[in-house]
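Fold and geometry: a report
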Amino acid sequence: MLKLYGAEISSRLLLGTAQYPSPAILIDAIKASGTEIITVSLRREMAGTKSGDGFWSLLRSLELRVLPNTAGCHTVKEAVLTAHMARDVFSTDWIKLEVIGNHDTLQPDVFALVEAARILSEDGFKVFPYTTDDLVIAERLLEAGCDVLMPWCAPIGSAMGPLNLHALRSIRGHFPEVPIIIDAGLGRPSHAAAVMELGFDAVLLNTAVAKAGNPPAMAQAFAKAVEAGHQAYQAVVLEPRDMAVPSTPVIGKAVFT
Amino acid sequence: MKLTVNGQAHDVSAQTLEALLLELEFEGEWLATAVNSELVRANERQNHTLKNGDRIEILTPKQGG
C-alpha cells in the first residue's frame, strides 16, 4: 500500500479541486475518482461575503485528506508564510510546496523550492514538493527533509503527457524507496498509465479531469488507468525487442508442400 | 487607524486583529490571517494589537490544483 509520511493511502490518484464547471460536478468527480487526497488553496477573502463558506463546508462533508498548496507563490518567504497560514486553517502539516519561477511555463524555481522545503521541514511540515524532473534537485529535496517527491512530467495544465521518459526513469531508478507522485502535465488516462507502468507511486491530476467534457467520467477513466498502470508495473512489463518473435510455437508446425 | 487589508486601504477604530475582523465583517472559522507577513493564528487574534500602517492579509479556503 502507498505510504505518504506514514499515512496509508489506498488510491494512487490525487485530485485537484479547481476549474470544475460546478461544485456538484466537483463532488461527483471526486467520488468517481476514488481519491483519498484532494488539493486546495488559500486566497484573499472579501469582506462581508463569507466566500469561503461553501467550499469549506464541502471539504468538511467529504472527509478526505486535504493537501493545501502554495500555488502562485514566487518567493521562499511567500511560500513559507502561505504554508503556515494553511496549517492554521486546515489543521494539517501536509503542504504541496510550489514556488513558481517562470510565468509562461509555471516551472518551479528549484533553488527557492529547496530552501523553502528545508525551512518548512524544520518547522515540522510534511512537504510534498512540486519540482521538475531534474535528478539532482530531487536529491537536494530529499536532503532538505522531503520524504515524498512530486516531479512534473510536463508543464501544469498543458496536457502534453510525459515529455522526458529518460529523466523520469532516472528519478524512479535512483530513489526506489521514495514515494514519487507525478504532478502536472498529464492530459489523458494513457499518460497516467504510462507513468504508473514506469513504477511511479501515484499521480496528481486536476485540469485533465476538470476540463474534460464529462469530469466524473474522466475521473473514473483515470482511476482505471492508474490502477492498470500500477498493476502492470507490479507484473513486470516486457521491454521492446528489435526483432519479431513468433508467439505461436514453431515446433510441430505442419508442413504443406 | 489606517491599515491595508488585502491590498485595500481602510480607516478603522479596531485595536486588535479580532476586532478588525468584526468591524470589517470578515466572518468564519476557516479564515487565515497574517500581519506584516507574519502568521497570526486564529487563537492569537484577540491579543494581537494593531498599529498604524499594518498590512493585513485575510485568506480563505479555495479550490486549488
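Below or above, wherever it landed, is the structure these notes cover.

About the cut-offs
- Residues numbered from 1 in each chain as written.
- Chains lettered and ligands numbered in written order.
- Predicted model: local features only at pLDDT ≥ 70, side-chain atom pairs only at ≥ 80, totals over all residues.
- Heavy atoms only, no water.
- Helix = DSSP H or I, 4+ residues; strand = E, 2+ residues; numbered from the N terminus.
- Rg over C-alpha atoms; globule rule 2.2 N^0.38 Å.
- Buried < 20%, exposed > 50% of the residue type's maximum accessible area, 1.4 Å probe, protein only.
- Contact = heavy atoms within 4.5 Å.
- Buried area = accessible area lost by both parts, 1.4 Å probe.
- Salt bridge = Lys/Arg side-chain N within 4 Å of Asp/Glu carboxyl O.
- Polar contact = N/O pair within 3.5 Å; in protein donor to acceptor, adjacent residues only side chain to side chain.
- Nonpolar A, V, L, I, M, F, W, Y, C, P; charged D, E, K, R; others polar.
- Arc of directions from axis to C-beta.

Brief notes about the overall build of chain B
Across its full length, chain B holds 1 helix and 5 strands. Mapped in sequence order, the helices and strands of chain B form the string β-β-α-β-β-β. Against the globule reference of 11 Å for 65 residues, chain B gives a C-alpha radius of gyration of 11 Å, in line with a compact fold. Considered along the principal axes of its C-alpha atoms, chain B spans approximately 35 × 25 × 20 Å. Within the span of chain B, comprising 65 residues, buried residues form 43% of the whole.

Focus: the interface of chain B and chain A
Contact residues are listed per partner, giving 28 residues for chain B and 31 residues for chain A. Note on chain B versus chain A: buried area summed over both sides is about 2,600 Å², and carbon and sulfur give 61% of it. Interface area lost by chain B to chain A is led by Trp30, Lys62 and Gly65 of chain B, which between them contribute 26%. At the junction of chain B and chain A, the tally comes to 2 salt bridges. Between the two partners, chain B and chain A, sit 17 residue pairs in polar contact (both at pLDDT 80 or more). The dominant element in the side of chain B that touches chain A, judged by the number of residues it contributes, is strand S5 (residues 55-63) of chain B, at 7 residues. Counted by class, the side of chain B that touches chain A contains 12 nonpolar, 8 polar and 8 charged residues.

A short note on helix H1 (residues 23-33) of chain A
Residues and elements named next belong to chain A. Inspection of H1 places Leu26, Ala29, Ile30 and Ser33 among the buried residues, and these make up the whole buried set. For H1, the angular spread of the buried residues around the axis is 100°, confining them to a single face. Residues of H1 that are buried make contact with strand S3 (13-16), strand S4 (37-44), helix H2 (53-62), helix H8 (207-210) and helix H9 (215-235). The first or second residue beyond H1 is Gly34, which carries a positive phi of 75°.

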